[in-house]
Amino acid sequence: MKMETMSRNIVSICTELAKNEGIAMLLVNDVKTPFDTVLNPPVDKSKLVLTKIFPYPFDLEATVEDGSFIRVYYNDGEFNSNEVIAESQLNIDIVVSKSLWLIRDDISKKSLIRPYEIMGRVLDVIGRRSNNTTIKLNFDGYQHLYINPKFDAIRLYSNYMSIET
């Protein structure tokens, strides 16, 4: 993979995630019933990238307000002898304040966990079984992350490895 491909990949992933109505509602509606369209105004999905979906791993300033957001970035990588990326790991961090983890879907009358709902939609939009024709990531797994006393996260990770012959 060439270096310039990395930035295009990240921007494409962020843009594609922002198009999904369910992800948008879960990121923007910081209430216990994020799918309630009567209480929540329509989401302007064009503003999600850089307000709720970020192309970098962290901020130096601590977030203190309750909320949910996604971070998409390459965590690490290795070059081959031609200084082309031979291996890399793409991370998608789903960061949610602990007070917003438990939600209710009034349509299905079920209690849900917000980060898992976001993770499921991320997999639907850009995972290997998605209907997306431009982006299909092979996610290798996920892990829970402690961020600070107010926030926890789920990290999806996808490893890329080129085959040299």
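About the criteria used
- Residues numbered from 1 in each chain as written.
- Predicted model: local features only at pLDDT ≥ 70, side-chain atom pairs only at ≥ 80, totals over all residues.
- Heavy atoms only, no water.
- Buried < 20%, exposed > 50% of the residue type's maximum accessible area, 1.4 Å probe, protein only.
- Helix = DSSP H or I, 4+ residues; strand = E, 2+ residues; numbered from the N terminus.
- Pairing = 2+ DSSP bridges.
- Phe/Tyr/Trp six-rings, centres within 6.5 Å; stacked < 30°, edge-to-face > 60°.
- Salt bridge = Lys/Arg side-chain N within 4 Å of Asp/Glu carboxyl O.
- Contact = heavy atoms within 4.5 Å.
- Axes fitted to C-alpha atoms, helices over the stretch in contact; angles between N-to-C directions.

Trainee: Would you explain the pairing of strand 3 (residues 85–97) in this entry?
Mentor: Within a regular beta strand, the side chains point alternately toward one face of the sheet and then the other, so they alternate between its two faces. Among the 13 residues that make up strand 3, twelve are buried, leaving the element largely enclosed by the rest of the structure. Relative to strand 3, strand 2 (residues 68–79) runs antiparallel, the two sharing eleven bridges. Each residue of the ladder has a partner; that of Ile 70, found in strand 3, is Ile 94. Between strand 2 and strand 3, which follow one another and run antiparallel, lie five residues, and Glu 83 among them has a positive phi close to 55°. Sheet analysis places strand 3 next to strand 7 (residues 151–161), joined by eleven bridges and oriented antiparallel.

Trainee: Explain the packing of aromatic side chains to me, please; I cannot follow it from the model alone.
Mentor: To describe a pair of aromatic rings, you give the distance between the ring centres and the angle between the ring planes. The full count for this structure, using the stated rule, is four aromatic pairs. Ring centres 5.5 Å apart and planes at 40° place the aromatic pair Phe 54 and Tyr 56 in the tilted group. Accessibility expressed as a relative area gives 9% for Phe 54, which makes it buried. Ring geometry for Trp 101 and Tyr 116: centres 6.4 Å apart, planes at 75°, overall edge-to-face. One end of the pair, Trp 101, is in the loop between strand 3 and strand 4 (102–105); the other, Tyr 116, is in helix 3 (residues 114–126), with 15 residues separating them in the sequence.

Trainee: What am I meant to see in the pairing of strand 2 here?
Mentor: Bridge count between strand 1 (residues 53–54) and strand 2: two bridges; the pairing is parallel. Paired with Phe 54 across the two strands is Arg 71, which belongs to strand 2.

Trainee: Quick question: what am I supposed to make of unusual backbone geometry here?
Mentor: Trans peptide bonds make up most of the peptide bonds, and negative phi angles are found at most residues other than glycine. Its identity is not glycine, yet Glu 83 carries a phi of approximately 55°, on the positive side. Inspection of the secondary structure puts Glu 83 in the loop between strand 2 and strand 3. Positive phi, normally seen in glycine, also occurs at Lys 109, with a value near 60°. If you trace the backbone, Lys 109 turns up in the loop between strand 4 and strand 5 (110–113).

Trainee: What is the right way to look at the pattern of salt bridges in this model?
Mentor: Pairs can form between side chains of opposite charge once their charged atoms are near each other. What the rule picks out here adds up to nine salt bridges. For the salt bridge of Arg 155 with Asp 93, the shortest nitrogen-to-oxygen distance reads 2.7 Å. Taken together, the positions of Arg 155 in strand 7 and Asp 93 in strand 3 put the pair 62 residues apart, joining distant regions of the chain. On the basis of relative accessible area, Arg 155 is assigned to the buried category, the value being 18%.

Trainee: When you look at the sheet that holds strand 3 in this model, what are you seeing that I'm missing?
Mentor: By definition, the strands of a sheet pair up through backbone hydrogen bonds, in either a parallel or an antiparallel sense. Here we have five strands laid out as an open sheet, ordered 1-2-3-7-6, and mixed in their pairing. A strand with exactly one partner marks an edge of an open sheet, and here the two such strands are strand 1 and strand 6 (141–146). Relative to strand 7, strand 6 runs antiparallel, the two being bridged by six bridges. Among the inter-strand pairings, Gly 141 is bridged to a residue of strand 7, identified as Tyr 157. Along the sheet, helix 1 (residues 3–19) makes contact with strand 1, strand 2 and strand 3, crossing strand 2 at roughly 160°. Across the sheet, helix 2 (residues 21–28) touches strand 1 and strand 2, and the angle it forms with strand 2 is around 110°.

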